[in-house]
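# Residue-level structural notes
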Amino acid sequence: MSFPDGGQVTLKPGQAALITGGSFYKLENTGDGPMIMMGNRSGPANKIQIIDYITRKDVRQKVQADFSN
């Protein structure tokens, strides 16, 4: 996992990370096996945002349009 402030951490098999809401992070699977990501969001579905890691802008409408086509 890497973070915009330059921080990085490598999780070993069986480890988990708790990422608080509003945090930006980037995941990369550097292992040979599959990486499993489980997540849970709270709050109403219409308030969920999909934030672009680079621009920090909500791209939910664009992502939904791309999946609709």
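Quick summary incoming for the structure in this document. Residue positions within a chain follow its written sequence, with the count starting from 1. Local features in this predicted model are restricted to residues of pLDDT 70 or higher, and side-chain atom pairs are both shown and tallied only at a pLDDT of 80 or more, whereas totals for entire chains, interfaces and linings draw on every residue. Side-chain measures were taken over the full set of non-hydrogen atoms in the model, leaving aside hydrogen atoms and water.

So, on to the overall build of the chain. We count a stretch as a helix when DSSP gives it H or I for four or more residues in a row; a strand needs E for two or more, and each element gets its number in order from the N terminus. Helices and strands together make up the secondary structure of the chain, namely 1 helix and 0 strands. All radius of gyration figures rest on C-alpha atoms, and the globule criterion is 2.2 Å times the number of residues raised to 0.38. Scaling as 2.2 N^0.38, a compact globule of 69 residues should have a C-alpha radius of gyration of about 11 Å, whereas the chain reaches 14 Å, well beyond that. By residue count, 3% of the 69 residues in the chain fall in the buried class. By definition, residues are in contact when any of their heavy atoms lie within 4.5 Å. The contacts of the chain with a sequence gap of at least 6 include a subset with a gap of at least 24, amounting to 29%. Accessible surface, the chain: about 6,400 Å² in total, of which carbon and sulfur atoms supply 52%. Exposure categories follow from relative accessible area, calculated using a 1.4 Å probe and restricted to protein chains: below 20% of the type maximum is buried, above 50% is exposed, and the middle band is partly exposed. Accessible areas in this description were obtained via Shrake-Rupley with a 1.4 Å probe; residue shielding takes into account the shown protein chains only.

Before going further, it helps to spend a moment on the layout of surface pockets. Within this scheme a cavity is a closed region of a 1 Å grid, computed over the protein atoms alone, that accommodates a 1.4 Å probe without allowing it to escape, whereas a pocket is open but has protein on both sides within 12 Å along at least five of seven lines; lining residues each have an atom within 4 Å of a point. Grid points are joined across faces, edges and corners, and a volume is the space filled by probe spheres set on the points. Roughly 1,800 Å³ of internal volume is contained in the largest pocket. Contributing to the lining of the largest pocket are 42 residues, with M1, I19, Y25, L27 and M37 lying nearest its centre. Under the convention adopted here, Pro, Cys and the residues Ala, Val, Leu, Ile, Met, Phe, Trp and Tyr are nonpolar, Asp, Glu, Lys and Arg are charged, and Gly plus all remaining residues are polar. In terms of residue class, the lining of the largest pocket is made up of 20 nonpolar, 17 polar and 5 charged.

One can find N40 in the segment before α1 (60–68). Counting along the chain gives 38 residues from N40 to S2, while the straight-line C-alpha distance between them is 20 Å.

Time to look at the packing of aromatic side chains. Each aromatic pair joins two rings of Phe, Tyr and Trp (for Trp, the six-membered one) with centres within 6.5 Å, and gets the label stacked for planes under 30 degrees apart, edge-to-face for over 60, and tilted for any other angle. In total, this model carries 0 aromatic pairs according to the counting rule given. In our convention, an over-ring charge means Lys NZ or Arg CZ found within 6 Å of a ring centre and within 35 degrees of that ring's normal. Directly above the ring of F24 sits R56, whose terminal nitrogen or CZ lies 4.3 Å from the centroid.

It is worth spelling out the environment of T55 at this point. By secondary structure assignment, the location of T55 is in the segment before α1. Under the relative-accessibility criterion, T55 is labelled partly exposed at 43%. Sequence separation of T55 and G22 is 33 residues, and the distance between their C-alpha atoms is 14 Å.

This brings us to the environment of Y53. Take Y53: it is sitting in the segment before α1. Look at Y53 and you get partly exposed, because its relative accessible area is 26%. Considered as a pair, Y53 and L11 are 42 residues apart in the sequence and their alpha carbons are 21 Å apart. When residues no more than four places from it in sequence are discounted, the contact partners of Y53 are S2, F3, P4, F24, Y25 and K26.

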